[in-house]
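# Per-entry structural report
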Amino acid sequence: MPTVSVKRDLLFRALGRTYTDEEFDELCFEFGLELDEITSEKEIISKEQGNEKAEGASDVVLYKIDVPANRYDLLCLEGLVRGLQVFKERIKAPVYKRVTPNGEIQKLIITEETARIRPYAVAAVLRNIKFTKDRYDSFIELQEKLHQNICRKRALVAIGTHDLDTLSGPFTYTAKRPSDIKFKPLNKTKDYTACELMNIYKTDNHLKHYLHIIENKPLFPVIYDSNGVVLSMPPIINGNHSKITVNTRNVFIECTGTDFTKAKIVLDVIVTMFSEYCENPFTVEAAEVVFPNGKSYIFPELAYRKEIVRADLINKKVGIRETPENIAKLLTRMHLKSEVIGDGNQIEIEIPPTRADVIHACDIVEDAAIAYGYNNIQMALPKTYTIANQFPLNKLTELLRYDMAAAGFTEALTFALCSQEDIADKLGSDISATKAVHISNPKTAEFQVARTTLLPGLLKTIAANRKMPLPLKLFEISDIVVKDSSRDVGARNYRHLCAVYYNKNPGFEIIHGLLDRIMQLLNVPPGEKKGGYVIKASEGAAFFPGRCAEILARGQSIGKLGVLHPDVITKFELTMPCSSLEINIEPFL
């Protein structure tokens, strides 16, 4: 959940009254939020960097409030105050309006070069806005919160805000070779090419996290005004020429991205939150965006839509008995203006542009429950009686874990993801023969595929603990994953048991004895008759020739045991012989 930091005194001033910490905590809970921490800038710096660094920092009390991840309208002080005031019925929800300017409308033209990089853009103007230091800080902070949240760290959407009085429209959103882009970036004193900026920002603690989005592209996105002044190079940095300040009166906002819907949502959130500071509160000046196909659109959309939900459905889902009128009142308190229509059981709900999180009737039901108060819902026994029981496979796993430990083996818990090398090359097989599920965008070479065997994880655990006294006896009972076209997800899990013995001698008899003990516990007799088990000589790329056996139980192959091949031992950086056993335990359920 995102955390919003607001100054306590500023918050109370905006709310028009003061609260004790306990009272405000209760108010947050009623509204579906959580007061996470009461702190100050000085206290935060002291915790993170020490008392010396905290000297001179502000002692102003800060409230850190946890906000639901889909409530983008609560990510700043303005939205938070507006939401709480409407919830407490002190004000009515404002009506947001898009207005067309008396003169020429601001225009943003998108060229076809952007198609393969960031093809979408939207724009709007906040006209005659009045910033103070606190309002300006909140404006910048909201952009950062949106970047980290719905914008997915600028990968989907990047926001640019500019002082319109320093620019001349129409604006052009295009893409050029990095060497052809040159401008003075935000807070810099001289011009740099895009290539130079990418090198400079590699050491910037804030911007280095966004470079990967475009650094390998042949063209970089860039926005110019009619005089060739660079507004921004999204999603990295804005130009210094159009930098906004506390004294800025007209703000041009552009959002570029790869997701058109989210770009429109982000623009709506920014303009609705800060249009209250405009000369005409809650009005936003429209901007025209022309796409490469020649079609033009007017933004922001600020679209209101209506949904109809039956009151009896809300009562049933929440577990309450309220009249339709009361339910409509509850929803209105949640910024969802509602009224009873039709046969008296239907509620028409108007969803404002700030509530992009409402996409289904269940979202409306949830808001009704929050407004009613979860603590006010009467507890009742469910109409369907059920008796909980442990999942059989997990129950078998737990029983085996205890007995494996009793047999002198130590349990290990290894990663479910591993490298291709671990399950293929190091075990002497080809990756194509493993039926491995591949990760499409692995962050590191260590986590490229889902494991198809538990053996590599145990061998790496032994390699990391080679200095421990011998013998090392490890086991793990966990899931492996393999491709399965018959499943709707294209893969399935199997619960495997794997055990490894590492010592100066191979210890095959110990692993064999462990298998006999496991079968005894599973009530599977030796021999092929009566659903018993046998081991038969076999070959495996990971095992020493002539020292590998296949395990057959109840008429099917369940795994292998044997002495590992010296090449396998060497590849896992081990120096002594090793025996292993791995079986599928699901057939014994």
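Calculation notes
- Residues numbered from 1 in each chain as written.
- Predicted model: local features only at pLDDT ≥ 70, side-chain atom pairs only at ≥ 80, totals over all residues.
- Heavy atoms only, no water.
- Pairing = 2+ DSSP bridges.
- Helix = DSSP H or I, 4+ residues; strand = E, 2+ residues; numbered from the N terminus.
- Contact = heavy atoms within 4.5 Å.
- Axes fitted to C-alpha atoms, helices over the stretch in contact; angles between N-to-C directions.
- 1 Å grid on protein atoms, 1.4 Å probe; cavity = no way out; pocket = protein on both sides within 12 Å on 5 of 7 lines; lining within 4 Å.
- Points joined across faces, edges and corners; volume = space filled by probe spheres on them.
- Nonpolar A, V, L, I, M, F, W, Y, C, P; charged D, E, K, R; others polar.
- UniProt positions renumbered as here; feature names shortened; annotations may be inferred.
- Phe/Tyr/Trp six-rings, centres within 6.5 Å; stacked < 30°, edge-to-face > 60°.
- Buried < 20%, exposed > 50% of the residue type's maximum accessible area, 1.4 Å probe, protein only.
- Lys NZ or Arg CZ within 6 Å of the ring centre and 35° of its normal.
- Patch = residues over 30% accessible without salt bridge, like charges linked within 9 Å, V, L, I, M, F, W, Y side chains within 5 Å.
- Areas by Shrake-Rupley, 256 points an atom, 1.4 Å probe, with all protein chains shown as cover.
- Salt bridge = Lys/Arg side-chain N within 4 Å of Asp/Glu carboxyl O.
- Lys, Arg positive; Asp, Glu negative; His and termini not counted.
- Charge placed at Lys NZ, Arg CZ, Asp CG, Glu CD.
- Core = buried A, V, L, I, M, F, W, Y, C linked by side-chain atoms within 4.5 Å.
- Polar contact = N/O pair within 3.5 Å; in protein donor to acceptor, adjacent residues only side chain to side chain.

### A look at the sheet that holds strand E24 (residues 472-483)
What the seven strands build is an open sheet, ordered E21-E24-E25-E29-E28-E27-E26; its pairing is mixed. One side of each edge strand has no neighbouring strand; the edge strands of this open sheet are strand E21 (410-411) and strand E26 (533-537). Strand direction decides the pairing type here: E21 and E24, joined by two bridges, are parallel. When the sheet's bridge partners are listed, Thr410 is paired in E24 with Leu474. The sheet contacts of helix H15 (residues 508-521) involve strand E25 (491-502), E26, strand E27 (543-553), strand E28 (556-564) and strand E29 (578-584), and relative to E29 the element is tilted by about 20°.

### Some thoughts on empty space enclosed by the protein
Across all of its chains, the model carries one cavity of 30 Å³ or more by this definition. The volume enclosed by the largest cavity comes to roughly 70 Å³. As for the largest cavity, its lining consists of Phe31, Arg71, Asp73, Leu74, Gly79, Arg82, Gly83, Met273, Arg333, Met334, His335 and Thr354. Element by element, the count of residues in the lining of the largest cavity is highest for helix H5 (residues 77-87), at three residues. Each residue belonging to the lining of the largest cavity can be placed in one class, and the counts come to four nonpolar, four polar and four charged.

### Here's the deal with the UniProt feature "domain: B5" (unreviewed entry) in the protein chain
Taken from the UniProt record, the annotation "domain: B5" (unreviewed entry) applies to residues 302-379. Across residues 302-379, the secondary structure splits into 38% helix and 22% strand, with the terminal C-alpha atoms separated by 40 Å.

### Section: the packing of aromatic side chains
This model, assessed by the stated rule, comprises 18 aromatic pairs. Between Tyr96 and Phe282, the ring centres sit 5.8 Å apart and the planes meet at 80°, which makes this aromatic pair edge-to-face. Here Tyr96, found in the loop between H5 and strand E4 (97-99), pairs with Phe282, found in the loop between helix H8 (260-274) and strand E15 (283-285); they are 186 residues apart in sequence, far enough to count as distant. Seen from their ring centres, Phe139 and Phe274 are 5.0 Å apart, and the 80° between their planes marks the pair as edge-to-face. Of this pair, Phe139 sits in helix H6 (residues 133-148) while Phe274 sits in helix H8, and the two are 135 residues apart along the sequence. Side by side, Phe139 and Phe274 carry an identical accessibility label, which is buried. Following the ring pairs from residue to residue traces out a cluster consisting of Tyr120, Phe260, Phe291, Tyr297 and Phe299. The ring centre of Phe87 lies 4.3 Å from the NZ or CZ of Arg333, which sits over that ring.

### Description of a negative patch on the surface
On the surface, Glu22, Asp25, Glu26, Glu34 and Asp36 cluster together into a negatively charged patch. Elements represented by at least two residues in the negative patch include exactly helix H2 (21-30) and strand E2 (34-40). When you line up the elements, Asp25 lands in helix H2.

### So, H5
Where burial is concerned, most of H5 is hidden: eleven out of the eleven residues are buried. Those residues of H5 not exposed but buried are Leu77, Glu78, Gly79, Leu80, Val81, Arg82, Gly83, Leu84, Gln85, Val86 and Phe87. Two residues or fewer after H5 comes Glu89, characterised by a positive phi angle close to 60°.

### Digging into a positive patch on the surface
Residues Lys316, Lys317, Arg321 and Lys383 make up a contiguous surface patch of positive charge. Within the secondary structure, Lys317 is located in helix H9 (residues 311-318). By relative accessible area, which is 57% here, Lys317 ends up exposed.

### So, the nonpolar core
Grouped together as the largest cluster of nonpolar side chains are 76 residues, with contacts concentrated most on Phe24, Ile65, Leu126 and Leu146. Considering every element that reaches this core, the biggest residue donor is H8, with nine residues. Residues contacting Leu146, with those up to four places away along its chain left out, are Tyr72, Leu75, Cys151, Ile159, Val266, Val269 and Ile270. Ranked by size, the runner-up nonpolar core spans 27 residues in total, among them Phe409, Tyr501, Ile518 and Ala553.

### What about the environment of His162?
With respect to the helices, strands and loops of the structure, His162 is situated in strand E7 (residues 157-163). His162 gets classed as buried once you look at its relative accessible area, which sits at 0%. In the structure, His162 is positioned 77 residues away from Gly239 in sequence and 8.7 Å away in space, judged by C-alpha atoms. Non-local contacts of His162, meaning those with residues more than four positions away in its chain, are made with Leu167, Leu231, Ser232, Asn238, Ser242, Ile244, Asn250, Val251, Phe252 and Glu254. Of the polar contacts made by the side chain of His162, one reaches the side chain of Ser242; its length is 2.9 Å.

### Details of the pattern of salt bridges
It is possible for side chains of opposite charge to pair when their charged atoms get near one another. According to the stated counting rule, one finds 27 salt bridges in the structure shown. A salt bridge links Asp73 to Arg71; its shortest N-O distance comes to 2.8 Å. Each member of the pair, Asp73 as well as Arg71, is classed as buried.

### Some thoughts on the layout of surface pockets
The computed volume of the largest pocket comes to approximately 830 Å³. Thr452, Thr453, His496, Lys560 and Glu582 are the residues nearest the centre of the largest pocket, which is lined by 27 residues in total. Counted by class, the lining of the largest pocket contains 13 nonpolar, ten polar and four charged residues. Along its surface, the second largest pocket is lined by 27 residues, and Arg154, Leu186, His206, Ile237 and Asn238 are the ones closest to its centre. Listed by contribution, the elements that provide at least two residues to the lining of the second largest pocket are H6, E7, strand E12 (230-233) and strand E13 (237-238).

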